[in-house]
Amino acid sequence: MPHFKLSRQVLFWMSLFLFFFSFPIKAEEVVLESFVDKQTVALDDQLVLTIRIKGAADTSSPEISSRGNFDVLSQGFAPSMRVVNGVVSVSKEYTYILAPRATGKFQIGPITVKSNGQEYKTGPLEVTVTQRTLYQLPPLPKGAPFPGMPNQNPALPALPSNPSGQASPANRKDVFATAEVDNSTPYVGQQILYQFRVYTNKNMANGKFELPDFKDFQAEEIQKGRSFVQEMGGGKYQVNEFSIILIPKIPGQQVIEPTTIKGDVEEMDDLSSAFSDPFFTMRHSIAKPRILKTQEVNVQVRELPANAPSGFKGLVGNFRLESGISTQALSTGETATLTLKLSGDGNFQDAQLAETFQLAGAKIYEDKPSVDLQKNLSGLSGTKSFGFAIVPEVPGRLKIPSLSIVYFDPKKETYETLRSQEVEIQVTPSTQQENLAKIQATQQGGKIVDALAEDIASIHRGPLHQQTLSPYFFKTMILVFTLPPIVTALTLLIRRRRRWVSENGDYLRKKQALSHAIGEIRKMDLSKKSEIPKNLSAILKGYLGDKFSKVGKALTPVEVEILLEQGSFGKQAGRGMREFLEMLDSWIYGELPREEGWEKNAKSQAIEILKEIDHQRGMG
Amino acid sequence: MKKLQKAALLLYFSIFICRFSFGAALDVQFQFDQANEAYTAQDYSRAISLYQGLVEKGINSGDLYYNLGNACFRSGRMGQAVISYLTALRLTPRNPDLIANARYVMGKRIDRIEPSLFSRVRDSLLWGGRVLNLQEIWILAATLYGIFFFTLVLHLRKTTRFRKTLSGVLLFLNLYFLPVALAKTWQERGQITGVLVSPVTTIYSEPTSSSVKLFELHEGVVVVVKETRGEFQKIELEDGKKGWTQARNIQEVGR
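Residues numbered from 1 in each chain as written. Chains lettered and ligands numbered in written order. Predicted model: local features only at pLDDT ≥ 70, side-chain atom pairs only at ≥ 80, totals over all residues. Heavy atoms only, no water.

1. Notes on the overall build of chain A
What chain A contains, in helices and strands, is 9 helices and 30 strands. The long-range fraction of contacts in chain A, counting pairs at least 24 apart against all pairs at least 6 apart in sequence, stands at 71%. (Helix = DSSP H or I, 4+ residues; strand = E, 2+ residues; numbered from the N terminus. Contact = heavy atoms within 4.5 Å.)

Quick look at the structure:
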């Protein structure tokens, strides 16, 4: 009967589909609600913000302003659909966990949601953040590696009853975090231990922590945390402890910001029962996200005492120095290795010798110091080894002086100087002279001078020269780099133009004939009347010469007429020109006219004839 | 007598004007000399404060930064010394004392960063940019550029073998010095070069101190700042390693 079963299933889903979608979905009004689970919250507590959007399924995620005062953890959203009296209504509920960052009165919101291009807002919610809950934590046992530090035994003694009658944490808190330093008044360079602990009496999963920015401290994290069980206020707490070594860099009041821990805490949830009897109540566990914060930690960093001996280079802690030499008898040119081993607790990574190691009669080569560093609950400890290769250059007894390292002991509050042992080396002459790499005879009989030590060159005195670049320097450079291509391009253009002109002289002569001739006529000196006919005749013939690429001066009036007629200027133009030229010839070889202003008339007539001819040429 | 009075008055005004013109320069020189005296007397902190006072006044001099670098080194401020030497090298790149001191001080750093192949090739190609300062290299590039175009015009007017060879050589020089000048300008004005000034600096994989610690560096390491995000800066070392650290650990080399 599988067919029957399948058809029943299909029928069931179809009827369910029809059931929901057969109801009229009315366009509901969008309603936005927001509320918090409490109005007052302690600094180490958290509150739950719920945003409910009714009447719209397709909305943007809520935007919550003024969230800078809280750490926010989104819990996602839960959609729901209800059918009441045949009307389907949809809603969405967003949940956020908010952990306060400071005390005071704060506003959450306004909260904005967008749906179908419209924006919906709810008014801001006011929340008061009070001081942290005071915990009375059990005293930590003495005698730990760091003063005030718990020892490595994970099981701590039970919390004694609180004489003040204050509510113990167990009564009020199932999960909380604390932070402390083992020494709140360290010296600059003295290492301290910052520890934060997470106390839980419930299961916690997916824990992540965000460390504060250890400003003005050198921070060294101890990778391995530890966990143990501690009894407090009659309840048992699982304690997870993490430690960071801090080395203050500068003196003064320093505040270490809270460490934030985020994780999911397993909580029991009651399922409502049909009976009021607890026997019938069903319980199941759910993971609820939590944000925990430790308190701020104040550290007053003290300045190191002023009477530091010379050679002190900032080393703080408790140290010892061992020294050794590889051999005490060797030949010149051979190498003995001096080793200094500084070990102890403190900021020894930066340890340096108080003075530069120099030795007359020997060459010193300094190795790069090696550091063996350990980080644990005792702080930074380890060894720093300094190595020196000593190459004697002169036979005899070579005394290696004691070398010193100066440090500040914060327990004794005094500066201490560690010295290596003085050592004497017996240096014999080398049997193989060629092995004396450092003292070599030259051809001149002298020897190469070896440097005893290295140092920086001295300062420069004398006049101080200002070397600031002018603000116009780069602008000038842009101009300098733009000009040469422009000048080059212009030069090339001019050259091309000239070449073209030289290759196309006749064309230009023809083109410029009229303007040239008119210009010449206008420039004519009218005071020399006898010259006027001759000059006019020459200009007109010159014009025709330019137009027809001929020698104009050699043309007779009759040749001019023929030329103009052949050049499709028309008979009238040819005849006019011939007559005018003949008139000019009669004035040249005969008598000049007697009437007033003949010269002006002749000039304007010549211009008109030229324009007429040029116009007809253009028409043609 | 009147002539004498006039001359005296003229002299007085000349001195008055000169005092205005050169007064400031004399003050600067006086402070520089004082700083040098403090250095000689091994009062390095006073010398540093006087040299830095001059820097804050806007004095930009290779000698000033060189002396400041010396004073910082003497007082154990390795990072500051490296910054001062790098700034001085940008102004007086051929100063032999400066080159020797910078090499010596950088050799004293705890960390040794091996430059990547790319860095080595780039530095070899930009050799010209190391021996000339920014002003010098631009003036040289501009001069070569101008001469090249002049030769080009001559070459186009009348081609001779000499002019052709000269144009070719100048073109090659231009193709070298112009990109070098641009690269140097980018290095000094465009990108941010910094030096680590904290004794120990932790480099993280992300711009947060809770991320993975990639490695630790010590004072004096030269880095290129690639990006700033909040209090963190992304740095790149010469060997190509990258990471994030707090901006307070880095001090910028003067631009």
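2. A word on the overall build of chain B
Looking only at helices and strands, one finds 9 helices and 7 strands in chain B. Within the span of chain B, comprising 255 residues, buried residues form 44% of the whole. Counting only contacts in chain B whose residues sit at least 6 apart along the sequence, the fraction spanning at least 24 positions is 58%. If you sum the accessible surface of chain B, you get close to 13900 Å²; carbon and sulfur atoms cover 62% of it. (Buried < 20%, exposed > 50% of the residue type's maximum accessible area, 1.4 Å probe, protein only. Areas by Shrake-Rupley, 256 points an atom, 1.4 Å probe, with all protein chains shown as cover.)

3. A word on the confidence of the model for chain A
Residues and elements named next belong to chain A. Across chain A, the average pLDDT comes to 77, with 80% of residues at 70 or higher. Here residues 140-171 is a poorly scored stretch, pLDDT under 50, and it has 64 contacts once near neighbours within four places are set aside; other chains count. Overall, residues 432-443 carries pLDDT values under 50, and its contacts beyond four positions in sequence, including any with other chains, amount to 17 contacts. (pLDDT = per-residue confidence, 0-100.)

4. Thoughts on the interface of chain B and chain A
On the chain A side, the residues contacting the 61 residues of chain B number 45 residues. In total, chain B and chain A occlude about 4200 Å² of area from one another, counting both sides; carbon and sulfur atoms represent 55% of this. Interface area lost by chain B to chain A is led by B:Tyr104, B:Tyr145 and B:Arg248, which between them contribute 12%. Linking B:Arg248 and A:Asp213 is a salt bridge whose minimum nitrogen-to-oxygen distance equals 3.5 Å. Summed over the shared surface of chain B and chain A, the result is 19 residue pairs in polar contact (both at pLDDT 80 or more). (Buried area = accessible area lost by both parts, 1.4 Å probe. Salt bridge = Lys/Arg side-chain N within 4 Å of Asp/Glu carboxyl O. Polar contact = N/O pair within 3.5 Å; in protein donor to acceptor, adjacent residues only side chain to side chain.)

5. Here's the deal with the pattern of salt bridges
Within this structure, the stated rule accounts for 26 salt bridges over all chains. Of the charged contacts, one joins A:Arg197 and A:Glu241 as a salt bridge, the two residues approaching to 2.7 Å between their closest N and O atoms. With a gap of 44 residues between them, A:Arg197 in strand β12 (residues 192-200) and A:Glu241 in strand β16 (residues 235-248) connect regions that are remote in the sequence. B:Arg122 serves as the salt-bridge partner of B:Glu238, at 3.9 Å between the closest nitrogen and oxygen.

6. Quick look at the packing of aromatic side chains
All chains considered together, the criterion is met by 26 aromatic pairs over all chains. When the ring of A:Phe481 is compared with that of B:Tyr145, the centres are 4.5 Å apart and the planes differ by 45°; the resulting orientation is tilted. Here A:Phe481, found in helix α3 (residues 473-503), pairs with B:Tyr145, found in helix α8 (residues 134-157), and the two come from separate chains. Taken individually, A:Phe481 and B:Tyr145 each receive the classification buried, so the pair is uniform in this respect. Among the aromatic residues, ring-to-ring pairing joins A:Phe473, A:Phe474, A:Phe481, B:Trp138, B:Tyr145, B:Phe148 and B:Phe149 into one connected group. (Phe/Tyr/Trp six-rings, centres within 6.5 Å; stacked < 30°, edge-to-face > 60°.)

7. Section: the packing of helix α6 (residues 532-547) of chain A against helix α8 (residues 571-589) of chain A
Residues and elements named next belong to chain A. At a minimum axis separation of 8 Å, α6 and α8 run at an interaxial angle of 150°. For the pair α6 and α8, the crossing hand works out as left-handed. The segment α6 lies against α8, with Pro533, Lys534, Leu536, Ser537, Leu540, Lys541 and Leu544 engaging Met577, Phe580, Leu581, Leu584, Asp585, Trp587 and Ile588. The residue inventory of the contact of α6 with α8, partitioned by class, reads 10 nonpolar, 1 polar and 3 charged. (Axes fitted to C-alpha atoms, helices over the stretch in contact; angles between N-to-C directions. Left-handed = near helix turned anticlockwise from the far one by under 90°. Nonpolar A, V, L, I, M, F, W, Y, C, P; charged D, E, K, R; others polar.)

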